[in-house]
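So the chains spell out like this:
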Amino acid sequence: MSAYAKLDSPLTEFVARQYDDFQFLLEDLNKERKYLNYGFRRSSQDSYETKQANLCMLVFEAADIKPDSVLVDVGFGSGEQDFLLASKFKFKELIGFNIAESQVRYANERAKTEKLQKKLKFKHGQAEKMEMPAKSADRVMAVECAFYFDRPRFYKEAARVLKKNGLLVLADITFHDSLAFLTRRAPDLARVSHRSANQASWEEYFETVKIQSINREARPGAQETVSMILKWLFRHFKRSQYSAWKTLWNMAVSTQITALGFATGLIHYDLIVLRKR
Ligand SMILES: C[S@@+](CC[C@H](N)C(=O)[O-])C[C@H]1O[C@@H](n2cnc3c(N)ncnc32)[C@H](O)[C@@H]1O
């Protein structure tokens, strides 16, 4: 059975195929650190990859990780962030869930090579349906990915796997409430959701500890992402990789719109910390 057959919806399958294409490109292009996020600028000297690592660190620091913590990372990309996490924090174990099979394979192979396979376990699976017992995790983290999830199901599932008072920490993108009409136009925009609907949805299970806007710090990386993608596209076009090429072109367009949204405040990028009730 194909790995895609396990997924709940055609939209989730589409996203999984897209990230399988990205993983192929990241490996083909030998990108040194395989983050896939817009990053967080701390200083004007920060390189692109430093900004990307900063964003992950922002989430990890907000998660208040303890040496005995059981961590869950949903939408972990190629796992780059979890190797960073393992080098900077003490914790018991981390279980990752990702719908892109090639990213799961890459992360598990790397964990084996770095002898971290007992600590970092990467599974093929959806954030909305984690194969984990109830009340078994201390933290659930989601770096730049929850806008792909069926959010109401995800919040319910995160609340199920978290212990009482456990934290859900996200670096998350949503529409400003004035763009709520967009979320009724298409299923992918509905998943992005708008801020007040999103908050109402998580507050069924979580108390809001913090919402911190990071639009300003994320915007330079988003803009850089567009120009990097365009440069890659023009340098590396190969007819045999047309599907990956098209995926990247679409990503450049949506990232340019997102960067404009950050600049105008019509799209929010927030660091969000939630405590399970
Ligand atoms: C923008 S990338 C972010 C990757 C990584 N967190 C980073 O910052 O480098 C989004 C990731 O979310 C994953 N993803 C999307 N929908 C998902 C879902 N429903 N469940 C689990 N992972 C999902 C994608 O496969 C991809 O790895």
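Residues numbered from 1 in each chain as written. Predicted model: local features only at pLDDT ≥ 70, side-chain atom pairs only at ≥ 80, totals over all residues.

So, about the sheet that holds strand 6 (residues 206–213). If you trace the seven strands from one edge of the open sheet to the other, you get 3-2-1-4-5-7-6, paired in mixed fashion. Taken across any chain shown, the strands that pair with only one partner, and hence form the sheet edges, are strand 3 (120–124) and strand 6. Direction aside, neighbouring strands of the sheet carry axes that sit 20 degrees apart on average. Here strand 4 (residues 137–143) runs beside strand 5 (residues 162–175); their pairing, made up of six bridges, is parallel. Paired with Val140 across the strands is Leu168, a residue of strand 5. On top of the sheet, helix 2 (residues 48–62) reaches strand 4, strand 5 and strand 7 (267–276); it is set at about 150 degrees to strand 5, its chief contact. (Pairing = 2+ DSSP bridges. Helix = DSSP H or I, 4+ residues; strand = E, 2+ residues; numbered from the N terminus. Axes fitted to C-alpha atoms, helices over the stretch in contact; angles between N-to-C directions. Contact = placed C-beta atoms within 7 Å.)

The subject of this paragraph is the nonpolar core. Judged by nonpolar contacts, the single largest core of 74 residues is most densely connected at Val59, Val72, Val140, Met141, Ala142, Leu168 and Val169. No other element matches strand 5, which puts eight residues into this core. With residues up to four places along the chain from it excluded, the contact list for Ala142 reads Val74, Gly75, Ala127, Leu170 and Asp172. (Core = buried A, V, L, I, M, F, W, Y, C linked by C-beta atoms within 7 Å. Buried ≥ 20, exposed ≤ 12 C-beta atoms within 10 Å, placed from the backbone.)

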